[in-house]
Amino acid sequence: MMTSGEARLLLLGWSFRGAEASRSVRERIALSAEEVREALDRMRGEGVVREGVIVATCHRSEIYGVSDGEQPFERLATLVSQWRGLDVAEVTRASFTREGGEAARHLFRVATGLDSMALGESEVLGQVRQALRLAKEAGSTRAVLHRMFECAVAAGKRVRTETEIARHPLSVASIGLELATKVFGDMAERRVLVLGAGDTGALFAEQAVAAGVRDVRVANRSPERAAALAARIGGAAVPWEHLPRALPEADVVVGATASPTPVVSRADAEAAMRGRRGRPMFFLDLAMPRDIAPDVAGIYNVVSAGLEDLEGVAEENRKRRSREIPQAESIMEEELARFLQWLGNLAVVPTVNDLRARLAALRDAELSRIAPEDRERYRAFADAIASKLLHEPMRRLKSEDDASRKLDRVEAVRHLFDLDRPE
Amino acid sequence: MGSHLLGWLAVALYTGAEALAIVSLMRPRALFARAVPIAIAAGLALHFADLMRRAHELSSVPYRTLGGSVSFFGWMLGIAYLVLFFRHREQAMGPFLIPFIVLATGIGLVLPDAASLPREGLHGSVFALHVTLAILAYAAFTLSFVLSMLYLVQNRQIRRARTGLLFARLPALDVIGRLNRTSVTIGVATLVLSLGLGLFWAERVWPSLSDPKIAWAAITLLVYGFLLWMDRRGWAGPRVAVLSIFGFGVVLFSYTVVNLYLSRAHSFR
């Protein structure tokens, strides 16, 4: 329940956790960075929120706001539906909402990777940072959201350094790179040869470059695609017919072609190893069916890993990450409590002021009904009672240590005394 | 013999370092990781004082007795650990190397220091250098043994795509291989020097050069020399690791059976 009066934290979001049926709505809502700026301007322009930050990733669009207007969720949903040309009922059905401390908790879960599709993934932390940056540029953050996002990012960093939740790779490409790194050590000076310039090969080549490999070569049966991929990743293309010469020079060979038969036979690998004078070689087979003949693994100093190995590791790593959840959650809650504590302090003061104002208004209304010469006396009497009555509850409200309980109590006081009723 | 209080304190410090090393292998904590070399260094200082006290009591080098020599060997291993840590920033080796330090130091304290009669010629700088270098060589070969075991473990993990704790913590095969090559090279070089000095010195004090220890030192050199040779000719990898483990067997035999039962000149009697 949101009513006007006090500024409240809120979250209206659409995420991959929603029903499968609403996937198309979510996809239509998804925002680019440019659109985020526009959306922030609109939200504030129409006075729906005082502060706003939008977290937009492939898997989620989440609007965080501080609002003191009436029915902010309805107004936000209407705004989004009008902008995207969608039915407001559909937009609302596909959405989820959070308020107050729960909105903050959701953001902290997102930033720490606890709410991610791939548990503990690291990209989302950058995306949360990016959301704050865009909002700052748009001038749509003030004290509360700025602080909330900075605390969430800090929580995300702590979880990543103090737990192993982000340490075990989940994609076959990064697992393959991890294995290669355990053979060769520093991969920066090693040569990686990618066979096949299709999606799989391109994905691996990109990841290898991102991981710091400086020398990536691409070979493909049609040379144009090899050249295009090589140009895109800053590598070099190798003509397919030069493979016998290129193999011995590669430390890591990645099979990612659509060939129905292996493109590297045991004889090819043996010839390459002779050329390398026995220095180790790593074959990574990402192709289905296989690109690297299975018996290559039997050659001395040749390590070979196939898709089934890598997928086994990915499964194992998912379990390893899950085991880190309790520790990650306790760090997350610790940081959240710190933020809510701060927020709670922020809310008690206006609540106390509102309550005093409400009592003063009641007192004045009653005083107006008695004789003017008696008013001063009665005013002093009424003030004494009001101040005695308020003293203990206010002291308890201020001294509450549990931040989320404090928020709840502030809310209870506002509700019981109807402080959010427009004057 | 007098009390080995300092020596036992050193053993306690080494044991503490081992516990910290295991803990930081399981859950990396910067504080623990930094405490390991500090504990080892403190242990080495006390250990050194204990060796000095032995030397004083024996009126000779501390490795005049079997206990002293094993203890000195443990001390050298501790130095090797510090070199690995500070020069190569290598921490994962700690839990596997430190037990050898604890073991050697402890055995060195327990073995009876047979109060033998001072034998002619068992003093002088040539003799001292000969023994020091020999023990340094044994320490280097022990390090190589530990590295080779870790190499084989890591190699197995990679080949089976087992990416557990050891996989994550142990260094890359290339790194272990290079450290191994360095320690075998140091071992071979110091053993050659030690053998040379030993021969030079023995020629002057022994009637004939017919000690079995000389033959076993030559066999040890042959094994490790072959290892280094093949390492450059395509064997760098698991085969070199297996060869080093075999070489360590030869070293152990030469240090125990040969010293105590076969060689008269190296029997500590």
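Residues numbered from 1 in each chain as written. Chains lettered and ligands numbered in written order. Predicted model: local features only at pLDDT ≥ 70, side-chain atom pairs only at ≥ 80, totals over all residues.

### Let's talk about the overall build of chain A
1) Next: Counting its regular elements, chain A contains 16 helices and ten strands.
2) Next: Residues classed as buried in chain A amount to 42% of the 423 residues present.
3) Next: Look at the contacts in chain A between residues 6 or more apart in sequence, and 71% of them connect residues 24 or more apart. (Helix = DSSP H or I, 4+ residues; strand = E, 2+ residues; numbered from the N terminus. Buried ≥ 20, exposed ≤ 12 C-beta atoms within 10 Å, placed from the backbone. Contact = placed C-beta atoms within 7 Å.)

### As for the sheet that holds strand β3 (residues 60-67) of chain A
Residue and element names in this part refer to chain A.
1) Next: A sheet is described by the order of its strands in space; here four strands give the open sequence β2-β3-β1-β4, paired in antiparallel fashion. In this open sheet, the two edge strands, each paired with only one partner strand, are β2 (51-56) and β4 (96-99). Recorded for the sheet is a direction-independent mean angle of 15° between the axes of neighbouring strands.
2) Next: Relative to β3, strand β1 (residues 8-15) runs antiparallel, the two sharing eight bridges. (Pairing = 2+ DSSP bridges. Axes fitted to C-alpha atoms, helices over the stretch in contact; angles between N-to-C directions.)

### Quick look at the packing of helix α6 (residues 123-137) of chain A against helix α7 (residues 143-162) of chain A
The axes of two packed helices give the description: the angle between them and the distance between them.
All names here are of chain A.
1) Next: It is the contact of α6 with α7, at a shortest axis distance of 10 Å, that shows an interaxial angle of 165°. With respect to α7, the element α6 is oriented roughly antiparallel. Here α6 and α7 pass one another in a crossing that is left-handed. Contacts from L125, V128, R129 and L132 of α6 reach α7 at F149, A152, V153 and G156. (Parallel < 35°, antiparallel > 145°, perpendicular 65-115°, else oblique. Left-handed = near helix turned anticlockwise from the far one by under 90°.)

### Description of the nonpolar core
1) Next: The biggest cluster of nonpolar side chains holds 125 residues, and the ones touching the most others in it are V194, V218 and V254 of chain A together with L77, I135 and A139 of chain B.
2) Next: At 17 residues, the largest contribution of residues to this core is made by helix α5 (residues 125-159) of chain B.
3) Next: Excluding anything up to four places from it in sequence, I135 of chain B contacts Y63, S69, F72, F73 and M76 of chain B.
4) Next: Core analysis: the second largest hydrophobic core is formed by 63 residues, V36, L107, V159 and I165 of chain A among them. (Core = buried A, V, L, I, M, F, W, Y, C linked by C-beta atoms within 7 Å.)

### Things to note about the confidence of the model for chain A
1) Next: Per-chain confidence: chain A averages 89 in pLDDT, with 96% of residues scoring 70 or above.
2) Next: The low-confidence segment residues 1-5 of chain A, where pLDDT is below 50, has 16 contacts with residues more than four positions distant or belonging to other chains. (pLDDT = per-residue confidence, 0-100.)

### Topic: the packing of helix α3 (residues 66-88) of chain B against α5 of chain B
Residue and element names in this part refer to chain B.
1) Next: Here α3 crosses α5 at 55°, and the two axes come no closer than 9 Å. Put simply, α3 runs oblique to α5. When the axes of α3 and α5 are compared, the crossing they make is right-handed. From α3, S69, F72, F73, M76, L77 and A80 reach across to α5, where they touch I135, L136, Y138, A139, T142 and L143.
2) Next: Here the residues of the contact of α3 with α5 are counted per class, giving ten nonpolar, two polar and no charged. (Nonpolar A, V, L, I, M, F, W, Y, C, P; charged D, E, K, R; others polar.)

### So, the domain arrangement of chain B
By a frequent convention, interface size equals the accessible area lost on bringing the separate parts together.
All names here are of chain B.
1) Next: Taken domain by domain, chain B comprises domain 1 (1-118) and domain 2 (119-269).
2) Next: Each of domain 1 and domain 2 has a C-alpha centre, and the two are 19 Å apart.
3) Next: If you look at the interface, domain 1 gives 25 residues, while domain 2 gives 20 residues.
4) Next: Elements that contribute at least two residues to the side of domain 1 that touches domain 2 include exactly α1 (5-26), α3 and α4 (94-110).
5) Next: The class makeup of the residues in the side of domain 1 that touches domain 2 is 18 nonpolar, five polar and two charged. (Domains from an automatic or database assignment.)

### Details of the sheet that holds strand β9 (residues 281-285) of chain A
All names here are of chain A.
1) Next: A sheet is described by the order of its strands in space; here six strands give the open sequence β7-β6-β5-β8-β9-β10, paired in parallel fashion. What marks the edges here is a single partner per strand, and that holds for β7 (236-239) and β10 (302-306). With strand direction ignored, the average angle separating the axes of adjacent strands in the sheet is 20°.
2) Next: Alignment of β9 against β10, held across five bridges, turns out to be parallel. The partner of M281 across the bridge, within β10, is V302.

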